[in-house]
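# Geometric and topological summary
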Amino acid sequence: MTASDHPVQRCILHVDMDAFYVSVELLRHPELRGQPVVVGGTGGRGVVAAASYEARRFGVYSAMPSSVARRLCPHAVFLPGDHERYAEVSREVFDVFREFSPLVEGISLDEGFLDVTGARRLLGDGVVIGHEVRARVLERVGLTCSVGVAPNKFLAKLGSESAKPKVGPDGIRPGVGVFEVEPGRELEFLHPLPVEALWGVGPSTLSKLQRLGVATVGDLAALGEDVIVGALGRANGRHLAQLARGEDVRRVEPDRAVKSVGHEETFASDLYERSDVWREIVRLSDGVASRLRRQGLGARTITLKIRFSTFETVSRSVTLPSAVFSAPAITAAVAPLLDTIDAGQGVRLVGVSGSGLGVPTEQLTLFEEADVVSPAAWNSASSALDDIRGRFGQAAIGPASAMRGGAVRPVRGGEQQWGPVEDASGGSP
Amino acid sequence: MKFRCERDVLAEALGAAGRAATGRTGSLPVLQGIRLELKGDRLTVTGSDLELTVQYELTVDGQQDGGMVVPKLTSDIVKSLGDPKVELLAEGEEVTVAAGRSRFTIRPWAYDDYPRVGSTTASSVTLPAADFIDALRQVVRAASTDEQKPQLTGVLLAAEAGGLRLVATDSYRLAVRDLAGTTVLGTDQQVLVPARALQEVIRLASGSGELTLRLGERDATFEVASARVTTRLIDQPFPNYRQLMPQPAPNVLTIDKDAFTDALRRVRLLARDTIPVRLHLGGPTLRLEAISNDRGTVSEEVDAQFDGTELTIAFNAEYLASGIDACAGEQVTLSTQRESNRPAVLRGLGTDDYFYLLMPQKV
């Protein structure tokens, strides 16, 4: 692939969550906000997975042995990592990304690329989209992120770095949030950067380059490709020469299609009534349907998972003739599955998931069925639901049969992953 | 009861009757079996679930009159025998099936428990089998198999303009065939015959010259060759299909039936389950396309003649293939409205006694 394959200037976003693991922990430990917090192995041989900006002030950074971190910052709060929880939140974050473009490539749990070239006509330019991504991530999961906007991936990634909060000895300076590397001014941005900012410049390459008197990207670009190749070898040399010119033709490769979409929840106290279990199923189905629609998918196979108070777990599945993406269609599929299960022995966890995912299509029918609400009617009701949630938030609307204590409790991925909250009827924040 | 007969003849009769025998253990478990009755050299083989009854008459070498109800398994036993001559003997609580050096002793159902089924008193009409079976074949494919909607699981036979009209719909497609000059019903009379029974009629009628039809108030009987299919009629109103009769269409595609069928067969490798086939209409080629998220994409072009405005329209590929297959002739026409959510109509070019109307898929 060459640049000429892109007659249109691409617009790539690199979104990087700010101190992701720590921020996730702060969501459930708000009392720790403003304090140095370190996430990672807390044992004697543990390493730091992430450090809050406050901890970074003391020189704590990721991959540092926890014992060193403790010495540098003895008053920091050390928390064990909870990867499962981070993965859940990450999925929610990426769901938000996919609302802006189908071309989303995950680099890790907390960063990803979005190709929004095609979305600009609808949503505004890259910077506008970048701000909207930040706002929506904040609204949906309560976390901040930094966005780099550029004509390619490499520059977008450098851009997000420039957008981040900065930690200095004098304190923490908030970042700009969104930083654009403007088309036409790429080199102006790139060349003053230290050469180790380039991907592929590790310690060994760096020392070779330093011997050639290269300190900045601009110095490297000035050498010319032949010299660079001579010094670093063909593959690495050409790669770095390209980067030094601000060129990067790699495409944003969307992640492999998701295999299933599901929600499950462990309850504060076991459920014994079928009606209670059913209410949870309706609520979870609504969450699954909502996520399916956000990704533009439908599910052909619906699975109900029940864990009893004995920890015995059963799963029942049904495969439907066509892909469904509305809560009523999902609950209708689950109802007969629930009939095969006796809730009387106490239900600890309920899960609903959809698999066999595909772009939903709808077979139109010849007759109006007067006594049945048609799938098409549910589909338009569902999209109205999405509009309301899009404008007023997840808790704005939900199925009446899923209500408890007069409040709508929308499903959010991972909300209960660490087990039940103390008062399950209290509604969501 | 005792008789000898050809293995293949008996296997076919047991197979046909066995398909009608019930698979469920209901109030009459004996209906899971196949009833055999011998009078002289006439053996009558009956299978029924009370809704549908298939009776098969064959000539055997009868040695002792009588009757028995054998389990469906007997059908598999007879089919599997090595020797082409079979002997059946019912004695006491046992039925013996013997052929060559094989001998099965199996437990029968109680003969006296088997209900009286398949009798009919309605007057008969005899017509050439080939035309009627062709018409059935064209229409029965559009009937529903969803037992939740019994009114859609049948084929409507109705008197229409001095002839017979056959109609079936599963609410996604509608097939209508007119058989001019065939009068089997009184004016304005119509019956709704379960598609399942008609599929059995199609199966049993192959090669037979005539078909005798008896249409009663509650049931219908079809006699072809040596088989008789009796079915209870569906006592539910058929949907108002007349409101769906094809409108004049601004877009008409004319295309070679075999080429269309071949292209569609390839596209269907990806256009399965819920993935539709998209037809891009416009210009002298028809482009077929299927896009599957996890498998890939396929695109194929077929020469065609098109009058109208460009349109992309998506269909369930199986329904579309079934409709093309049902059309007579070497060329078919696909007529569409200007909108991709309105029904399309397939016909054999130059034939006006059949159409297959198909609702598109919304993508």
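For the structure, see preceding data.
So, a few notes on the structure that sits alongside this text. Predicted model, so just to flag it, every value in this text is computed and none were measured.

Scanning chain B for helices and strands turns up six helices and 26 strands. When each of the 363 residues of chain B is scored for burial, the buried share is 53%. Sequence-distant contacts in chain B: of pairs separated by 6 or more residues, those separated by 24 or more amount to 64%. On chain B, roughly 16,900 Å² of surface is accessible, and the fraction owed to carbon and sulfur atoms is 43%.

Right, let's get into the overall build of chain A. In terms of helices and strands, chain A carries 15 helices and 15 strands. In chain A, which comprises 429 residues, the share counted as buried stands at 45%. Across chain A, the fraction of contacts at a sequence separation of at least 24, relative to all contacts at a separation of at least 6, is 68%. When the accessible area of chain A is evaluated, it comes to approximately 20,200 Å², of which 54% is carbon and sulfur surface.

In this section: the environment of B:Glu6. Residue and element names in this part refer to chain B. By the element assignment, Glu6 lies in strand β1 (residues 2–6). Residue class for Glu6 comes out partly exposed when judged on its relative accessible area of 38%. Through-space distance from the C-alpha of Glu6 to that of Asp61 is 9.4 Å; in sequence the pair is 55 residues apart.

A few words now on the interface of chain B and chain A. Think of interface size as the accessible area that goes away when the parts come together; that is how it is often given. Between chain B and chain A, the contact holds 23 residues from the first and 15 residues from the second. For the chain B and chain A pair, buried surface summed over both sides reaches about 1,700 Å², with 62% attributable to carbon and sulfur atoms. The interface formed by chain B and chain A holds zero salt bridges in total. Going through the elements one at a time, β13 (173–179) and β26 (361–362) of chain B are the ones with two or more residues in the side of chain B that touches chain A. For strand β15 (residues 362–363) of chain A and β26(B), the ladder comprises two bridges, and the chain directions are antiparallel. Its bridge partner lying in β26(B), A:Glu362 is registered against B:Lys362.

Those residues of helix α1 (residues 20–28) of chain A lying buried are A:Phe20, A:Val22, A:Ser23, A:Val24, A:Glu25 and A:Leu26. Close packing links the buried residues of α1(A) with β1 (12–17), β2 (37–40), β3 (48–51), β4 (77–79) and α4 (83–98) of chain A.

The next thing to look at is the packing of aromatic side chains. All names here are of chain A. Counted according to the given criterion, the structure contains eight aromatic pairs over all chains. Consider the rings of Phe20 and Tyr21, whose centres lie 5.8 Å apart with planes at 55°: the pair is tilted. Between Phe94 and Phe97, the aromatic rings sit 4.9 Å apart at their centres with planes inclined by 65°, giving edge-to-face as the arrangement. Of this pair, Phe94 and Phe97 are both found in helix α4, three residues apart, which corresponds to roughly one turn of the helix. Residue Phe94 shares its accessibility class with Phe97, and that shared class is buried. An aromatic cluster is defined as three or more aromatic residues linked by ring pairs; in this entry it consists of Phe20, Tyr21 and Tyr86. In this structure, Arg70 packs its charged tip against the face of Phe78, placed 4.1 Å from the ring centre.

With that settled, the discussion passes to the pattern of salt bridges. All names here are of chain A. What the rule picks out here adds up to 44 salt bridges over all chains. Notably, a salt bridge pairs Glu111 with Lys157, separated by 2.9 Å at the nearest N-O pair. Of this pair, Glu111 sits in strand β6 (residues 111–115) while Lys157 is found in helix α7 (residues 153–163), placing the two residues 46 residues apart along the sequence. According to the relative accessible area criterion, Glu111 is buried, its value standing at 12%. A salt bridge links Arg245 to Glu225, with the nearest nitrogen and oxygen atoms 3.1 Å apart.

What follows covers the sheet that holds β2(A). All names here are of chain A. Across the sheet, three strands lie side by side as β3-β2-β4; this open sheet has mixed pairing. Of all the strands in the sheet, the pair left with one neighbour each is β3 and β4. Direction aside, neighbouring strands of the sheet carry axes that sit 25° apart on average. The pairing of β2 with β4 spans three bridges and is classified as parallel. Looking at β4, one finds that Val38 is bridged to Phe78.

Thresholds, definitions, all that
- Residues numbered from 1 in each chain as written.
- Chains lettered and ligands numbered in written order.
- Predicted model: local features only at pLDDT ≥ 70, side-chain atom pairs only at ≥ 80, totals over all residues.
- Heavy atoms only, no water.
- Helix = DSSP H or I, 4+ residues; strand = E, 2+ residues; numbered from the N terminus.
- Buried < 20%, exposed > 50% of the residue type's maximum accessible area, 1.4 Å probe, protein only.
- Contact = heavy atoms within 4.5 Å.
- Areas by Shrake-Rupley, 256 points an atom, 1.4 Å probe, with all protein chains shown as cover.
- Buried area = accessible area lost by both parts, 1.4 Å probe.
- Salt bridge = Lys/Arg side-chain N within 4 Å of Asp/Glu carboxyl O.
- Pairing = 2+ DSSP bridges.
- Phe/Tyr/Trp six-rings, centres within 6.5 Å; stacked < 30°, edge-to-face > 60°.
- Lys NZ or Arg CZ within 6 Å of the ring centre and 35° of its normal.
- Axes fitted to C-alpha atoms, helices over the stretch in contact; angles between N-to-C directions.

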